[in-house]
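Report on the structure
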Amino acid sequence: MMKKIQRKRDLEPLTPVQRTLFEFAHVFFGSALVAISFNIFLLPNQIASGGVAGISTIVYSISAMEPAYTQWALNIPLFVAGVLLLGGSISGSVLYGSKTLAGTLFLPFIVFLTRDLEPATFDPLLAAIFGGIGVGLGLGIVFRSYSSTGGTDLAAQIINKYTGLSLGVCVFIMDGLVVASSAAVFGFEYALYALIGLFTTGKTIDLVQVGFGYSKMVIIISQYDEEVKQGLLTKVDRGVTKLSGYGGYTNHERPVLMCVVGRNEVTRLKRIVQTIDPSAFVIVSNASEVLGEGFKKK
């Protein structure tokens, strides 16, 4: 009885105050991870892989100005411009705006505090890869907390609003300008390293957002739908959703079964379906993120 009570308490959702504190903690942790990765990988190897951090790397090499000062000097005006020009996107949510402002100010602060850390490597390729991973992990954690670290992302949103260009194109333009500038300052080879870092960052953000646990979504069309459904429910122990479908050629109603399983359960599922109906039509596709009972908690 005590175990059941304890489990129920563990599953209780966070209160609004707890959730807010939890999200702010993630913003600070993610921002710190980005800052440290910048100082030990990207800056000492002159890798300007987009964003305000990339601009600060270029400025540092030209004028020896502390990167943190450059980041503050760009982030704060961009945040103010975002509030004034984007309106509801930034200031419409006080909580989102507060978390974004916290990340905007805290990230350069950690860059300043950790400026004397020893570089982890002086190999630009390793620095681009592992710096990109570190920055991607940090940004992914911040994004999962429904927040941002400001910077050129806000500039891209402003361009998107007033030009009609897609947000993806605007982000590409901003990062492309930084990488092109790094080619002019550091040379073409270092611009290529910057592109590697930028690509690695994007992929790492996707992994943090979606997770590593890829599941499989299976669509089954069979004339023995009830038998297949019972086999999946009892032998695979996964829920099954029954959909209504119509054959495009016959125009007859054909029940469609949809089931989501783990990667290690696909073989068992296919064997069960094949045993019941060898002529069943089965489609197996990747499900990047599955929330709900039996899978990841919401």
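The shown structure was predicted, so the numbers you read here are calculated from the model rather than taken from an experiment.

What counts and what doesn't
- Residues numbered from 1 in each chain as written.
- Predicted model: local features only at pLDDT ≥ 70, side-chain atom pairs only at ≥ 80, totals over all residues.
- Heavy atoms only, no water.
- Phe/Tyr/Trp six-rings, centres within 6.5 Å; stacked < 30°, edge-to-face > 60°.
- Helix = DSSP H or I, 4+ residues; strand = E, 2+ residues; numbered from the N terminus.
- Buried < 20%, exposed > 50% of the residue type's maximum accessible area, 1.4 Å probe, protein only.
- Pairing = 2+ DSSP bridges.
- Axes fitted to C-alpha atoms, helices over the stretch in contact; angles between N-to-C directions.
- Polar contact = N/O pair within 3.5 Å; in protein donor to acceptor, adjacent residues only side chain to side chain.
- Contact = heavy atoms within 4.5 Å.
- Core = buried A, V, L, I, M, F, W, Y, C linked by side-chain atoms within 4.5 Å.
- UniProt positions renumbered as here; feature names shortened; annotations may be inferred.
- Parallel < 35°, antiparallel > 145°, perpendicular 65-115°, else oblique.
- Left-handed = near helix turned anticlockwise from the far one by under 90°.
- Expected span 1.5 Å × (residues − 1).

Right, let's talk about the packing of aromatic side chains for a bit. Here the structure, examined in full by the defined rule, presents seven aromatic pairs. A centroid spacing of 6.4 Å and a plane angle of 25° characterise the contact between F41 and F130, whose relative ring orientation is stacked. With F41 in helix α2 (residues 16-42) and F130 in helix α6 (residues 124-144), this pair connects stretches of sequence that are 89 residues apart. Judged by relative accessible area, which is 15%, F41 ranks as buried.

All right, on to the pairing of strand β2 (residues 241-246) then. As defined by bridge partners, β2 adjoins strand β3 (residues 253-262) across six bridges and the pair is classed as antiparallel. Within β3, the position partnered with K242 by the bridge is L257. The turn joining β2 and β3, which pair antiparallel and follow one another in sequence, is formed by six residues; a positive phi near 60° is taken by N251.

Strand pairing in a sheet relies on backbone hydrogen bonds. The paired strands run either parallel or antiparallel. Taken together, the four strands give an open sheet; going across it, the order is β2-β3-β1-β4, and neighbouring strands pair in antiparallel fashion. A strand with exactly one partner marks an edge of an open sheet, and here the two such strands are β2 and β4 (281-287). Averaged over all adjacent pairs, the angle separating strand axes in this sheet is 25°, with direction ignored. Here seven bridges tie strand β1 (residues 215-221) to β3, and the two strands are oriented antiparallel to one another. If you follow V218 over to β3, its bridge partner there is C259.

Once that is clear, we can look at the side chain of N45. Counting through the fold element by element, N45 comes out in the loop between α2 and α3 (51-63). For N45, a relative accessible area of 5% puts it in the buried group. One polar contact links the side chain of N45 to the main-chain carbonyl oxygen of F41, over a distance of 2.8 Å. Dropping the residues within four chain positions of it, N45 is found in contact with T121, F122, D123, P124, A127 and Y190.

Ranked by internal contacts, the top residues of the largest apolar core, which has 22 residues, are L42, I47 and V111. For this core, the element with the most residues is α2, which contributes seven residues. Dropping the residues within four chain positions of it, L42 is found in contact with S37, I47, S49, A127, G131 and V135. In terms of nonpolar packing, the next biggest core, distinct from the first, is built from 14 residues, V236, V240, I272 and V273 among them.

UniProt's entry tags residues 21-41, 47-65, 72-90, 125-146 and 166-188 with the feature "transmembrane region" (unreviewed entry), counted in the numbering of this structure. In this annotation, residues 21-41 is assigned 100% helix and 0% strand; the end-to-end C-alpha distance for the span is 30 Å. Secondary structure within residues 125-146 divides into 91% helix and 0% strand; the distance between the first and last C-alpha atoms comes to 31 Å.

In this model, A64 sits at a positive phi of 65°, which is unusual for a non-glycine residue. In this structure, A64 sits in the loop between α3 and α4 (67-86). Positive phi, normally seen in glycine, also occurs at D237, with a value near 60°. One can find D237 in the loop between α10 (225-236) and β2. Assessed through its relative accessible area of 63%, D237 is described here as exposed.

Attention now moves to the packing of α2 against helix α5 (residues 94-113). At a minimum axis distance of 8 Å, the contact between α2 and α5 shows a crossing angle of 30°. Considering their axes alone, α2 and α5 lie roughly parallel with respect to each other. Handedness of the α2/α5 crossing: right-handed. Residues T20, E23, F24, V27, F28, S31, A32, V34, A35, I36, F38 and N39 of α2 pack against L95, S98, K99, A102, G103, F106, L107, I110 and V111 of α5.

Relative to the assigned elements, S145 resides in the loop between α6 and α7 (152-163). Within the structure, the side chain of S145 is placed 3.4 Å from the backbone oxygen of I141, a separation counted as a polar contact. The residues touching S145, leaving out its near neighbours within four places in the chain, are E23, H26, V27 and K99.

On to α7. Here α7 contains twelve residues, and its C-alpha end-to-end distance of 16 Å stays within 8% of the 16 Å for a straight helix at 1.5 Å per residue. Within α7, the full set of buried residues consists of T152, L154, A155, A156 and I158. The first or second residue beyond α7 is G164, which carries a positive phi of 85°.

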